[in-house]
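If you want the building blocks of each chain, they are given just below.
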Amino acid sequence: RDSDIYGMVNGSWSPVNPIDDVWGKYYSAIRSANLFLETFSLDNFDKFDQNEDYPQLIEIASLYPYEVRFLRAFFYFELAKRYGNIPLITDVLTEEQANEVEQTDFDEVISFICQECDEIKDELPVSYSNQPQAETGRITKGACMALKSRATLYAASPLFNKSNNMQ
């Protein structure tokens, strides 16, 4: 596949061939997140209870739902900043249900993102350096607060806040 820049230069960039086409990828990721949140249970780890590192495994896994909620909020932010009003889906849908979904107002999507960030930020660690395995690249409280900050900044911008409402 050619570079996206090359697509702009040669004129192949168009509504049917966008440079930044993330719609399908992000909605697929959102569906995976919704499925995870509906089915995840720490009880699924009971089969590992004889492992030496079982307590650490549970400690690590207990943060997964919060990290997944962050990722879902992040995907919604990325979609909303590109497309404005988008469908806000928090359940796993059948094909028929998916075909009947309506757009959600941009402000409602931003409110959802902010609410998710507020609900999960205190559950996430500031750093994973003191966590088992000291993993890097996982979602932290700072990342969660930064996402909320960025979402509210976009919502306040003239692009989405045409009336310049200071609230």
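Residues numbered from 1 in each chain as written. Predicted model: local features only at pLDDT ≥ 70, side-chain atom pairs only at ≥ 80, totals over all residues. Heavy atoms only, no water.

A.B. asks: Sorry, what's going on with helix 3 (residues 54–61) here?
C.D. replies: Count 3.6 residues to each turn of an α-helix, and residues three or four apart come out pointing the same way. If you check which residues of helix 3 are buried, you get Tyr54, Ile60 and Ala61. All buried residues of helix 3 fall inside an arc of 125° around its axis, so they share one side. Considering only its buried residues, helix 3 is in contact with helix 4 (64–83). (Buried < 20%, exposed > 50% of the residue type's maximum accessible area, 1.4 Å probe, protein only. Helix = DSSP H or I, 4+ residues; strand = E, 2+ residues; numbered from the N terminus. Arc of directions from axis to C-beta. Contact = heavy atoms within 4.5 Å.)

A.B. asks: Please explain a nonpolar patch on the surface as it appears in this structure.
C.D. replies: A cluster of nonpolar side chains, contributed by Ile5, Met8, Val9 and Trp13, occupies part of the molecular surface with about 460 Å² of accessible area. Here Val9 lies in helix 1 (residues 4–9). With a relative accessible area of 68%, Val9 lands in the exposed category. (Patch = residues over 30% accessible without salt bridge, like charges linked within 9 Å, V, L, I, M, F, W, Y side chains within 5 Å. Areas by Shrake-Rupley, 256 points an atom, 1.4 Å probe, with all protein chains shown as cover. Salt bridge = Lys/Arg side-chain N within 4 Å of Asp/Glu carboxyl O.)

A.B. asks: Explanation requested: the nonpolar core in the structure shown.
C.D. replies: A general trend in soluble globular proteins is that nonpolar side chains are found buried together. Judged by nonpolar contacts, the single largest core of 30 residues is most densely connected at Tyr27, Tyr76, Leu79, Ile86, Ile110, Ile113 and Leu147. Looking at this core, the elements that each hand over two or more residues are helix 2 (23–39), helix 4, helix 6 (106–120) and helix 7 (141–156). The leading source of residues in this core is helix 6, at eight residues. Leaving out residues up to four positions away in the same chain, Ile110 has contacts with Ala151 and Ala155. (Core = buried A, V, L, I, M, F, W, Y, C linked by side-chain atoms within 4.5 Å.)

A.B. asks: Explain the state of the cysteines to me, please; I cannot follow it from the model alone.
C.D. replies: Covalent bonding between the sulfur atoms of two cysteines is what defines a disulfide. Within this structure, the stated rule accounts for zero disulfides. Take Cys117: it sits in no disulfide, and the sulfur closest to it among the cysteines is that of Cys144, at 3.9 Å. Since its relative accessible area comes to 2%, Cys117 is described here as buried. (Disulfide = S-S within 2.5 Å.)

Any link to function would need more than the numbers given here.
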